[in-house]
Amino acid sequence: MRAGVAKALMGAVLAMGIAGGAVAQAQMECIEPKSDQPVLRIVNGDRAKPSDWPFIVGLYHQGAKTQFCGGSLISQNWVLTAAHCWGEARPQDVSIHRAGSDGRLDPKGRRIAKLIAHPGYDPADMNLHDVALLKLAEPFDIPNSQLAILPSKTVEAKLADVRTCSEVAGWGALQSGGAASAYLMAVNVRQLPTETCRKGYGPGIRPGQGPHLCAGYEEGGKDSCQGDSGGPLIVRDGPTGFLQVGVVSFGKGCAWKGFPGVYARVSDHRDWIFSTVEAH
Amino acid sequence: MLRVTGWITAGMLATAPLAAEARCIDAFMTGLAEFEAGQQTSKPSFRVNELLVLCFVPQQSGYVAIFDAPIKGDFQQLYPNALSHPEGQTSAEVSAGERYCFGTRETFPLYHPPEEGVGLGKISIALTSREEDQLAEEDYAIPGQKVSRQKMQLHLGAYQRSQAKCAARDVTYLDYRITQ
């Protein structure tokens, strides 16, 4: 889902890189898109290998044809997603689905027992603290080895600093304003200094390693897009190879020059996530 | 998952290439029986209680820590462990080109006990040029779970990726499946 500025995943493509299991982070190359590259080439990229994203989920309105947001399993019964996904949606009308072996949403989903949005979420202030937690009514049968792991600030600095090549995935639009993808798509994007996003979006983007994380390419070309909101931005490192550094939040258009994707920085919200799960 | 028993410290075996294609970390995991029959490649699944052997060769000297991301329960540190490093080190120095194997008769047995379930697990082998680039215990936390990187009690899996040229930090993952 996405409103105005809210974004969801990139319809992007993943030029190479993603296929093939848990890959050492340093092995993956971020392919810098050329500015003259036609948009369609990005949109029509490779499909993700579902086994590379065992923790990813889609949020699906009962009776709807497509999912409206993404999320990630951070434990067997908790999903991390974006707060802005819940402007109109009601938890009781939504089900959570993992990726099937063919990359489509698995029809067998889980209901939501509880929705908890970050108390500091502010849609009028650059989607500040755009994270939310969903407690599932019934846990997924997923081993710990397949879960997204949430980095602390220290781990982020060690394993996923600025310029790190990351990956984002979802069933969102393949181009700005386009239709959602039936299959899970993924793309590699580079983490950028938040200053890069401040240039495009303005000073509302918090500087440094704060609540916003900037990722993509200054020249555009690869990005998340509508429908990818709430999905994970990961680095293939850490205990499981699924180190989630960001939550898809918003962008201007998709893959536009000068407007990289803006993500909620996981490390900045890690304490809230842990304390909230423990309290519920 | 994989339980480590025995009393002999983790050992270093003869230097030898593990695979035809050299990577920063060459690794494989297979059954003890297959290993003793000369197998030097990974197999994807193991039975409960099957004895396993994990071997790796770092192409760069540095510090290594091997962890299991289990089917359920704690992340467990396979190496270094209380037997190999009684003083409690959380990473161990390794030398470029040397082969390190665990689960052999010269080291200690590795296996997956039935009470730890069946399914998919994952081993990570992290090689860093600096000891401080290894992760701390709290970095393995899962919300709502009492997860810690316990030493000993580990196990393994089977496939690997690693780049040919070592970086300051390189990680190889071995996915495995435990069956009845």
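Just above, that's the structure.
Computed from a predicted model, the values in this text were never measured in an experiment. Per chain, residue numbering runs from 1 following the sequence as it is written. Here chains are named by letter from A upward and ligands by number from 1 upward, in the order in which they appear as written. Owing to the predicted nature of the model, reporting of local features is limited to residues with pLDDT of at least 70; listing and counting of side-chain atom pairs is limited to 80 or more, with chain, interface and lining totals taken over all residues. Each side-chain value is worked out from all heavy atoms of the structure, with water and hydrogens disregarded.

K.L.:
In this structure, what is going on with the overall build of chain A? I would like to understand it.
P.N.:
Helix and strand assignments follow DSSP, with helices taken as H or I runs no shorter than four residues and strands as E runs no shorter than two, numbered in order from the N terminus. Broken down by element type, chain A carries 4 helices and 12 strands. The cut-offs for exposure are 20% and 50% of the maximum accessible area for each residue type, with area from a 1.4 Å probe on protein chains only; residues under the lower value are buried, those over the upper are exposed, and the others partly exposed. Each of the 280 residues in chain A was classed as buried or not, and the buried ones make up 63%. The contact definition used throughout considers only heavy atoms, calling two residues in contact when any of these lie within 4.5 Å. Once local pairs closer than 6 in sequence are excluded, the contacts in chain A between residues at least 24 apart make up 74%. About 9700 Å² of surface is accessible on chain A, with carbon and sulfur atoms providing 52% of the total. Note that accessible areas follow from Shrake-Rupley with a 1.4 Å probe, and for residues the cover is restricted to the protein chains shown.

K.L.:
Would you mind going over the pattern of salt bridges with me for this structure?
P.N.:
Side chains carrying opposite charge are able to pair once their charged atoms draw close together. For salt bridges, the criterion is a side-chain nitrogen of Lys or Arg within 4 Å of an Asp or Glu carboxyl oxygen. Inspection of every chain in the model, using the stated rule, returns 14 salt bridges over all chains. Two residues, Glu195 of chain A and Arg198 of chain A, come together in a salt bridge whose shortest N-O distance is 3.2 Å. Placement of both Glu195 of chain A and Arg198 of chain A in helix α3 (residues 194-201) is noted, with a separation of 3 residues, approximately one turn of the helix. Take Glu195 of chain A: its relative accessible area is 44%, and that puts it in the partly exposed class. Taking the relative accessible area as the measure of exposure, Arg198 of chain A reaches 22% and is therefore partly exposed. For Arg169 of chain B, the salt bridge identified is with Asp237 of chain A, shortest N-O distance 2.8 Å. Here the residue Arg169 of chain B occupies a position in strand β13 (residues 169-179), and Asp237 of chain A occupies one in the loop between β10 (232-235) and β11 (243-250), the pair thus bridging two chains. With a relative accessible area of 5%, Asp237 of chain A lands in the buried category. Here the salt bridges share partners, and the residues they tie into one network are Glu34, Lys43, Arg47 and Glu50 of chain B.

K.L.:
I'm lost on unusual backbone geometry in this one. Help?
P.N.:
Glycine aside, residues mostly have negative phi, and peptide bonds are mostly found in the trans state. The amide bond that connects Tyr79 of chain B to the next residue, Pro80 of chain B, takes the cis arrangement and shows omega of -5°. The topology assignment puts Pro80 of chain B in the loop between β7 (76-79) and β8 (92-94). In this structure, His129 of chain A is a non-glycine residue whose phi angle is positive, near 55°. Locating His129 of chain A in the fold gives a position in the loop between β5 (110-117) and β6 (132-136). On the accessibility criterion, His129 of chain A (18% relative accessible area) is buried. One non-glycine residue with positive phi stands out, namely Asn49 of chain B, at about 70°. As for its placement among the helices and strands, Asn49 of chain B is situated in the loop between β4 (45-47) and β5 (52-58). For Asn49 of chain B, a relative accessible area of 43% translates into the label partly exposed.

K.L.:
Whenever I open this one, the nonpolar core confuses me. Can you help?
P.N.:
One broad rule of soluble globular proteins: the nonpolar side chains tend to lie buried together. In this text, buried Ala, Val, Leu, Ile, Met, Phe, Trp, Tyr and Cys residues form a nonpolar core when linked through side-chain atoms within 4.5 Å. In terms of nonpolar packing, the biggest core is built from 70 residues, with Trp53, Leu59, Leu73, Leu80, Trp86 and Ile96 of chain A touching the most fellow members. It is helix α4 (residues 266-279) of chain A that contributes the most residues to this core, 5 residues altogether. The contact partners of Ile96 of chain A, leaving out residues within four places of it in the chain, are Val57, Gly58, Leu59, Val79, Gly109, Arg110, Ile112, Leu134, Leu136 and Phe140 of chain A. One finds Ile25, Ala27, Tyr79 and Ile123 of chain B within the second-largest nonpolar core, a separate group that totals 27 residues.

K.L.:
What should I look at first to understand the packing of aromatic side chains in this one?
P.N.:
Two descriptors summarise a pair of aromatic rings, namely the distance from one centre to the other and the angle between the planes of the rings. Residues and elements named next belong to chain B. The criterion for an aromatic pair is that two Phe, Tyr or Trp rings (for Trp, the six-membered ring) have centres within 6.5 Å, with stacked assigned to planes under 30 degrees apart, edge-to-face to planes over 60 apart and tilted to the rest. Scanning the entire structure with this criterion turns up 10 aromatic pairs over all chains. Centre to centre, the rings of Phe56 and Tyr100 are 5.3 Å apart; their planes meet at 15°, and the pair counts as stacked. One end of the pair, Phe56, is in strand β5; the other, Tyr100, is in strand β9 (residues 99-102), and 44 residues separate them in sequence. Owing to a relative accessible area of 1%, Phe56 belongs among the buried residues under this scheme. Judged by centre distance (4.6 Å) and plane angle (35°), the ring pair of Phe67 and Tyr140 falls under tilted. Placement of Phe67 in strand β6 (residues 62-69) and of Tyr140 in the loop between β11 (119-128) and β12 (150-151) is noted, with a sequence separation of 73 residues between them. In terms of burial, Phe67 and Tyr140 fall into one category: buried. Through successive ring pairs, a cluster of aromatic residues spans Phe56, Tyr79, Tyr100 and Phe102.

K.L.:
Honestly, the sheet that holds strand β9 (residues 212-216) of chain A in this entry has me stumped. Any pointers?
P.N.:
Adjacent strands of a sheet pair through backbone hydrogen bonds, lying either parallel or antiparallel. Residues and elements named next belong to chain A. Paired strands are those between which DSSP finds at least two bridges. In space, the 6 strands of this closed barrel follow the order β7-β8-β9-β12-β11-β10, with antiparallel pairing throughout. Taking the axes of each pair of neighbouring strands and ignoring which way they run, one obtains an average angle of 45° across the sheet. Where β9 and strand β12 (residues 261-265) come together, 4 bridges link them in antiparallel fashion. Paired with Leu213 across the two strands is Tyr263, which belongs to β12. On top of the sheet, α4 reaches β11 and β12; it is set at about 35° to β12, its chief contact. Lines fitted to C-alpha atoms define the axes, with helix axes restricted to the stretch in contact, and inter-axis angles between N-to-C directions lie between 0 and 180 degrees.

K.L.:
Would you explain the state of the cysteines in this entry?
P.N.:
Disulfides are covalent bonds that link the sulfur atoms of two cysteine residues. A pair of sulfur atoms, both from cysteines and within 2.5 Å, is called a disulfide here. Counted by the stated rule, this structure contains 3 disulfides over all chains. Paired through a disulfide, Cys197 of chain A and Cys214 of chain A show a sulfur-sulfur distance of 2.1 Å. With the S-S dihedral at roughly 80°, the linkage between Cys197 of chain A and Cys214 of chain A falls on the right-handed side. Here Cys197 of chain A, found in helix α3, pairs with Cys214 of chain A, found in strand β9; they are 17 residues apart in sequence, far enough to count as distant. Accessibility classification places Cys197 of chain A together with Cys214 of chain A in one group, the buried group. Disulfide partner of Cys55 of chain B: Cys101 of chain B, at an S-S distance of 2.1 Å. Between Cys55 of chain B and Cys101 of chain B the sulfur-sulfur dihedral comes to about 115°; the bridge is accordingly right-handed. Highlighted residues: Cys55 of chain B in strand β5 and Cys101 of chain B in strand β9, separated in sequence by 46 residues. Each of the two residues, Cys55 of chain B as well as Cys101 of chain B, counts as buried.

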